[in-house]
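One-letter residues, chain by chain:
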Amino acid sequence: MPIKSQGTHIYIVDNVTTPATPVLVKMLCPSSVSGVGSGARDQIDTTDLDALIDRSYVAGLTSPSTVSIPYQFDPSQASHKLIQSLKASGTLTDFIICLSDGTTAPTLVSGVLTAPLASARSSIKFSGFVSENAVEIATNDIIKGTLSVQRSGSETWVYKV
C-alpha cells in the first residue's frame with residue numbers, strides 16, 4: 001500500500017550550537033526530499049590480458065549522493081538558523097527522515113541518534129554536512145530555501161513491520 005508524503009518529518013542533530021550537549025531539532029516546513037538512496041557504485045576493472053572482447057569488473061565503493069530538501073524559509077525558525085550554522089561550520093552531523101507510516105519521533109541520548117522502532121515507523125538515517133543552503137526570493141511568492149546535504153557513509157534504513 002502506498003505511503004503518503006504528508007506526515008513525513010526530518011530531524012537534524014544540532015551539534016554546533018552547544019557541541020558538548022547536542023540536541024535533536026525537527027526541521028520545519030520542508031516541501032520535498034530528493035536524493036535519498038542514490039549514489040553510484042564505482043567499478044574496479046579486473047580485465048586481464050586474456051580478455052579479447054569485454055572488460056570485467058567488480059563492484060567498488062559507493063559515492064554517496066547529495067540529499068536535496070526544499071523548504072519554506074522562515075528566519076525566525078530555529079531549524080532554519082541551524083541549517084545556516086551547519087553550513088558555516090562544515091560540521092558532519094546526523095539526519096533522519098521519518099516517514100508518515102507512524103508518528104513516533106527519533107531519540108537522541110548522549111549524542112547518539114536512534115531511529116523509531118520498526119514496529120512504530122519507517123525511517124532513513126544518514127550523516128552528512130550542509131554543502132549548500134540556497135534561498136530564493138521572487139515576486140508574488142513565499143521565500144524558499146533549498147538545503148543540500150552531502151552524505152558521508154551509508155544510510156541506515158528501518159522498514160516498519
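Residues numbered from 1 in each chain as written. Predicted model: local features only at pLDDT ≥ 70, side-chain atom pairs only at ≥ 80, totals over all residues. Heavy atoms only, no water.

Engineer: Just checking my understanding: could you explain the overall build of the protein for this structure?
Structural biologist: What the protein contains, in helices and strands, is 1 helix and 11 strands. Going residue by residue from the N terminus, the α and β elements of the protein occur as β-β-β-β-β-α-β-β-β-β-β-β. Here the C-alpha coordinates of the protein stretch approximately 65 × 40 × 40 Å along the principal axes. Residue burial in the protein is summarised as follows: out of 161 residues, 28% are buried. For the protein, the accessible surface area stands at approximately 9,600 Å², while carbon and sulfur atoms represent 56% of it. (Helix = DSSP H or I, 4+ residues; strand = E, 2+ residues; numbered from the N terminus. Buried < 20%, exposed > 50% of the residue type's maximum accessible area, 1.4 Å probe, protein only. Areas by Shrake-Rupley, 256 points an atom, 1.4 Å probe, with all protein chains shown as cover.)

Engineer: In this structure, what is going on with helix 1 (residues 78–89)? I would like to understand it.
Structural biologist: Working note: α-helix, 3.6 residues per turn, so residues spaced by three or four point in the same direction. Over its 12 residues, helix 1 runs 16 Å from end to end, which matches the ideal 16 Å to within 8%, given 1.5 Å per residue. Of the positions making up helix 1, those classed as buried are Ser79, His80, Leu82, Ile83 and Leu86. End-on, the buried residues of helix 1 take up no more than an arc of 155°, which puts them together on one face. Away from the buried face of helix 1 by more than 90 degrees, exposed residues Ala78 and Ala88 are located. One or two residues past the end of helix 1 sits glycine 90, with phi positive at roughly 70°. (Expected span 1.5 Å × (residues − 1). Arc of directions from axis to C-beta.)

Engineer: What is the right way to look at the state of the cysteines in this model?
Structural biologist: Cysteine pairs can be linked by a disulfide, which is a covalent bond between their two sulfur atoms. Applying the stated rule across the entire model yields 0 disulfides. This cysteine, cysteine 98, is not joined by any disulfide, and cysteine 29 carries the nearest cysteine sulfur, 17 Å off. (Disulfide = S-S within 2.5 Å.)

Engineer: For this particular structure, what's the right way to read the side chain of threonine 93?
Structural biologist: Tracing the backbone through its elements, the reader meets threonine 93 in strand 6 (residues 93–98). Of note is the side chain of threonine 93, whose polar atom sits 2.6 Å from the backbone oxygen of valine 13. Apart from residues no more than four positions distant in its own chain, threonine 93 is found in contact with Ile12, Val13, Asn15, Leu86, Phe126, Ser127 and Gly128. (Polar contact = N/O pair within 3.5 Å; in protein donor to acceptor, adjacent residues only side chain to side chain. Contact = heavy atoms within 4.5 Å.)

Engineer: What exactly am I supposed to notice about the layout of surface pockets here?
Structural biologist: Of the volumes computed, that of the largest pocket is approximately 310 Å³. In terms of residue class, the lining of the largest pocket is made up of 7 nonpolar, 7 polar and 1 charged. (1 Å grid on protein atoms, 1.4 Å probe; cavity = no way out; pocket = protein on both sides within 12 Å on 5 of 7 lines; lining within 4 Å. Points joined across faces, edges and corners; volume = space filled by probe spheres on them. Nonpolar A, V, L, I, M, F, W, Y, C, P; charged D, E, K, R; others polar.)

Engineer: Would you explain the pairing of strand 5 (residues 66–72) in this entry?
Structural biologist: Look at any regular strand and the pattern is simple: side chains alternate between the two faces of the sheet. Burial along strand 5 is one-sided: the face carrying Val67, Ile69 and Tyr71 is buried and the face carrying Thr66, Ser68, Pro70 and Gln72 is not. Relative to strand 10 (residues 144–151), strand 5 is paired through 7 bridges, and the arrangement is antiparallel. The residue bridging proline 70 from the neighbouring strand is threonine 146, located in strand 10. (Pairing = 2+ DSSP bridges.)

Engineer: Is there a simple way to explain the pattern of salt bridges in this structure?
Structural biologist: Where charged atoms from two side chains of opposite charge approach closely, those side chains can pair. The tally for this structure, following the rule as stated, stands at 3 salt bridges. Among the salt bridges present, the one from aspartate 45 reaches arginine 55, with a minimum N-O distance of 2.6 Å. Pair noted here: aspartate 45 is in strand 3 (residues 41–45) and arginine 55 is in the loop between strand 3 and strand 4 (57–62), with a separation of 10 residues, a long-range link. Aspartate 141 is the partner of lysine 144 in a salt bridge, and the nearest nitrogen-oxygen pair spans 3.4 Å. For aspartate 141, a relative accessible area of 43% puts it in the partly exposed group. (Salt bridge = Lys/Arg side-chain N within 4 Å of Asp/Glu carboxyl O.)

Engineer: Could you clarify how one ought to interpret the pairing of strand 10 in this entry?
Structural biologist: The element strand 10 is extensively covered by neighbouring structure, given that 6 of its 8 residues are classed as buried. Looking at chain direction, strand 9 (residues 123–136) and strand 10 are connected through 8 bridges and run antiparallel. When the bridges of strand 10 are listed, valine 130 appears paired with valine 149.

Engineer: Honestly, the nonpolar core in this entry has me stumped. Any pointers?
Structural biologist: As a rule of thumb, soluble globular proteins bury nonpolar side chains together. In terms of nonpolar packing, the biggest core is built from 16 residues, with Ile12, Met27, Ile83 and Leu147 touching the most fellow members. At the level of secondary structure, the elements contributing two or more residues to this core comprise strand 1 (9–14), strand 5, helix 1, strand 6, strand 9 and strand 10. Excluding anything up to four places from it in sequence, leucine 147 contacts Met27, Val67, Ser68, Ile69, Tyr71, Ile83, Val130, Glu132 and Asn133. Counting residues in each nonpolar core, the second largest holds 5 residues, with Val13, Ile96, Cys98 and Leu113 among its members. (Core = buried A, V, L, I, M, F, W, Y, C linked by side-chain atoms within 4.5 Å.)

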